[in-house]
Amino acid sequence: MTDDHPAGPPAGRDAILLSPHALAALLDRADVLVLDVSVRLEPPAHDGDYRSASGAADWARAHVPGSRHVDLRRRFADPAARHHFARPGRDAVRAELAALGAGPDSLVVVYDQGALQWASRLWWTLRDAGVAALVLDGGLPAWRAAGLPVATAPAPGAAAGAHRRGGQPARSSGEFEAARAGDRERATLWADRRDVRALSEGRAAGTLVCALGTGQFEGTDPTRYTRRGRIPGSVGLPAHPVLAADGTVRPTAELASYTAGLPSAPEGPVVVYCGGGISATLLALALVLTGRDDVRVYDGSLEEWTADPDLPVLTGPAGRTPPAAAG
């Protein structure tokens with residue numbers, strides 16, 4: 001992890017979130033690619049109980065018209081990694097996007113069935129690769145609450161590419177030359193185990209933040225992973241309270257209040273983790289909305305960390321950043 005270059009300028013709300021009616025007004029444009037990236041991740045019944053499923057069946061039952069489902073368990077992920085949903089390299093990210101028919105001038109909109117963590121995961125992945133994307137605020141529930149129509153589709157297993165919007169052909173990843181050219185200057189938005197270990201042990205400056213709920217942070221709830229608990233040296237700030245009761249992202253002023261307890265530069269970056277690097281991206285999105293450009297996400301998170309018996313975990317109560325905006 002390096003801070004030689006900023007991870008990108010702070011992005012305003014309109015550069016990140018899109019309302020349902022704003023998306024509806026864009027659907028007739030040929031350069032718009034809408035991706036439903038929902039995944040089903042079941043709560044663990046016992047320690048080590050990891051169960052995930054594609055959200056394709058949910059997409060088939062109801063989705064934003066013209067959208068395509070992308071299974072993040074296999075797409076925009078590194079199949080060679082030892083942990084789930086592992087991020088691929090930047091070239092691989094752009095190649096995946098090109099295979100879906102997107103070019104450098106495409107408007108990419110991502111959404112999920114309402115948790116926003118899956119949409120934020122792909123948004124974060126694309127942002128790191130230099131590809132701007134928008135998140136449908138509130139996901140499909142907000143779309144339906146706005147009275148907008150949904151489409152249905154054949155059951156999963158229909159011919160591949162049958163739902164490609166407008167029959168748009170796959171593009172060449174070489175068209176993303178501007179994004180590729182900026183790779184050297186663009187600092188990574190990710191942290192790895194070595195970065196996090198240095199933070200945990202006090203050998204590097206920064207703040208390590210756990211985006212999980214209290215039970216997982218303190219180790220009182222079952223975990224999908226090898227061991228319960230948190231990474232030593234981390235503070236807790238759950239991701240879920242960044243959403244309002246209707247599932248949309250809270251106003252920016254409320255997000256700023258909620259995250260105000262986190263130190264800022266020159267104390268080093270904020271590195272966010274969770275169980276598998278998913279809900280951490282929702283908290284990261286909220287931090288970016290408040291204007292921060294020093295945020296990183298630990299991709300492997302607790303799944304990777306707890307699998308190494310040489311890396312410690314802590315349980316029991318510990319310091320947490322108070323959720324001032326939680327309601």
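Note that the structure is predicted; figures quoted are calculated from it, not measured. (Residues numbered from 1 in each chain as written. Predicted model: local features only at pLDDT ≥ 70, side-chain atom pairs only at ≥ 80, totals over all residues. Heavy atoms only, no water.)

Caption draft 1: Region of the structure containing the overall build of the chain. Scanning the chain from N- to C-terminus turns up eleven helices and twelve strands. The buried share of the chain, reckoned over its 327 residues, is 52%. Long-range contacts, defined as pairs at least 24 residues apart, comprise 79% of the intrachain contacts of the chain with a sequence gap of at least 6. Split by element, the accessible area of the chain, about 13,600 Å² in all, is 53% carbon and sulfur. (Helix = DSSP H or I, 4+ residues; strand = E, 2+ residues; numbered from the N terminus. Buried < 20%, exposed > 50% of the residue type's maximum accessible area, 1.4 Å probe, protein only. Contact = heavy atoms within 4.5 Å. Areas by Shrake-Rupley, 256 points an atom, 1.4 Å probe, with all protein chains shown as cover.)

Caption draft 2: Representation of empty space enclosed by the protein within the structure. Scanning all chains against the criterion turns up two cavities of 30 Å³ or more. The computed volume of the largest cavity comes to approximately 50 Å³. In terms of lining, the largest cavity is formed by L72, F76, F85, R121, L122 and T125. Among the residues making up the lining of the largest cavity, the classes are represented as four nonpolar, one polar and one charged. (1 Å grid on protein atoms, 1.4 Å probe; cavity = no way out; pocket = protein on both sides within 12 Å on 5 of 7 lines; lining within 4 Å. Points joined across faces, edges and corners; volume = space filled by probe spheres on them. Nonpolar A, V, L, I, M, F, W, Y, C, P; charged D, E, K, R; others polar.)

Caption draft 3: Fine view of the pairing of strand β2 (residues 32-36). Burial runs high along β2: five of the five residues are buried. Neither face of β2 is left uncovered, since the one carrying V32, V34 and D36 and the one carrying L33 and L35 both have all their residues buried. Pairing analysis gives five bridges linking β2 to strand β6 (residues 107-111), with the strands arranged parallel. If you follow D36 over to β6, its bridge partner there is Y111. As defined by bridge partners, β2 adjoins strand β5 (residues 68-69) across two bridges and the pair is classed as parallel. (Pairing = 2+ DSSP bridges.)

Caption draft 4: Structural view of the environment of F85. Here F85 shows up in the loop between β5 and α3 (90-99). Not counting residues up to four positions away in its chain, the partners in contact with F85 are V39, Y50, L72, R73, A77, W118, R121, I278 and D299.

Caption draft 5: The arrangement of the sheet that holds β5 in detail. Pairing is parallel in the open sheet, where five strands are placed in the order β1-β7-β6-β2-β5. Either end of the sheet is taken by a strand with one partner, and the two such strands are β1 (17-18) and β5. Taken strand by strand, helix α4 (residues 117-128) contacts β2, β6 and β7 (133-136), and its axis lies near 150° from that of β6. (Axes fitted to C-alpha atoms, helices over the stretch in contact; angles between N-to-C directions.)

Caption draft 6: The arrangement of the sheet that holds strand β8 (residues 190-191) in detail. Strand order in the open sheet formed by five strands is β8-β12-β11-β9-β10, and the pairing between neighbours is parallel. Strands at the two margins of the open sheet, each flanked by one partner only, are β8 and β10 (235-236). Pairing between strand β9 (residues 207-210) and β10: two bridges, direction parallel. Directly across from C210, in β10, lies its bridge partner G236.

Caption draft 7: Spatial organisation of helix α7 (residues 193-200). Among all positions of α7, only D195, V196, A198, L199 and S200 are buried. On its buried face, α7 is in contact with β8, β9, β11 (270-273), β12 (295-298) and α11 (301-307). The residue sitting at the N-terminus of α7 and contributing the capping side-chain oxygen is D192; that oxygen lies 3.2 Å from the backbone nitrogen of R194. (Polar contact = N/O pair within 3.5 Å; in protein donor to acceptor, adjacent residues only side chain to side chain.)

Caption draft 8: Examining the packing of aromatic side chains more closely. Scanning the model with the defined rule gives three aromatic pairs in all. Each ring, one from Y50 and one from Y225, has its centre 6.1 Å from the other, and the planes form 55°; the classification is tilted. Placement of the pair is Y50 in the loop between β3 (39-41) and β4 (52-54) and Y225 in the loop between α8 (214-218) and β10, with a sequence separation of 175 residues. On the accessibility criterion, Y225 (10% relative accessible area) is buried. Considering the side-chain rings of F85 and W118, the 5.2 Å spacing of their centres and the 50° angle between planes classify their relative orientation as tilted. (Phe/Tyr/Trp six-rings, centres within 6.5 Å; stacked < 30°, edge-to-face > 60°.)

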